[in-house]
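Working through the structure, step by step
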Amino acid sequence: MSQGLIIMIVIGVTLGYFLIGFVKTLDTDASEAIAKEQKIAGEDQSFHRKNSIGQTILVFENAPVEKKLETWKRSPLHKEFMQFFPNFNQMRLFVGDRIIDPEFQENLTAKINEIENAYFSGTMTKEQAFDALNSF
């Protein structure tokens, strides 16, 4: 065999080795990310229940405030809540009916009232009000 062919084979094998290692790393990272997402989804589901008329509700029993906020932001109830904007009365009713946690209800209702006042007084635009509510 010629020297050039041997060098090409060595380079090919080396590149193949690094490429396989890189693909394995990507696969491991993807698997870990999927496992983490599934764990978070399982934890979030533990807060979701059905009420007497079959609606999904959030029940935050003895959960830390940070966990409540994270779960709320990822919840499909949050998306449903935001669809009521700018009907602040409907948003308050939604919070009272679909979230079972007096402390969380009180904080979210206070935020709704604060944003409503700023929105109707003209100190906040529609987009700013929406973003402020969406980021709670």
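Here, every reference points to the structure presented above.
Summarised in this report is the structure supplied together with it. Keep in mind that this is a model prediction, so the values were computed, not measured. (Residues numbered from 1 in each chain as written. Predicted model: local features only at pLDDT ≥ 70, side-chain atom pairs only at ≥ 80, totals over all residues. Heavy atoms only, no water.)

A look at the side chain of Gln105
With respect to the helices, strands and loops of the structure, Gln105 is situated in helix α5 (residues 102–121). Discounting chain neighbours no more than four positions away, the residues touching Gln105 are Val95, Gly96, Ile99 and Ile100. (Helix = DSSP H or I, 4+ residues; strand = E, 2+ residues; numbered from the N terminus. Contact = heavy atoms within 4.5 Å.)

What about helix α4 (residues 88–98)?
Those residues of α4 lying buried are Phe88, Met91, Phe94, Val95 and Arg98. The buried residues of α4 occupy an angular sector of 115° when projected down its axis, which confines them to one face. Facing away from the buried surface of α4 by more than 90 degrees, the exposed residues are Asn89, Leu93 and Asp97. The elements touched by buried residues of α4 are β2 (56–59), α2 (65–74), α3 (76–82), β3 (99–100), α5 and α6 (126–134). (Buried < 20%, exposed > 50% of the residue type's maximum accessible area, 1.4 Å probe, protein only. Arc of directions from axis to C-beta.)

Overview of unusual backbone geometry
Here Phe85 and Pro86 are connected by a cis peptide whose omega angle stands at 10°. The topology assignment puts Pro86 in the loop between α3 and α4.

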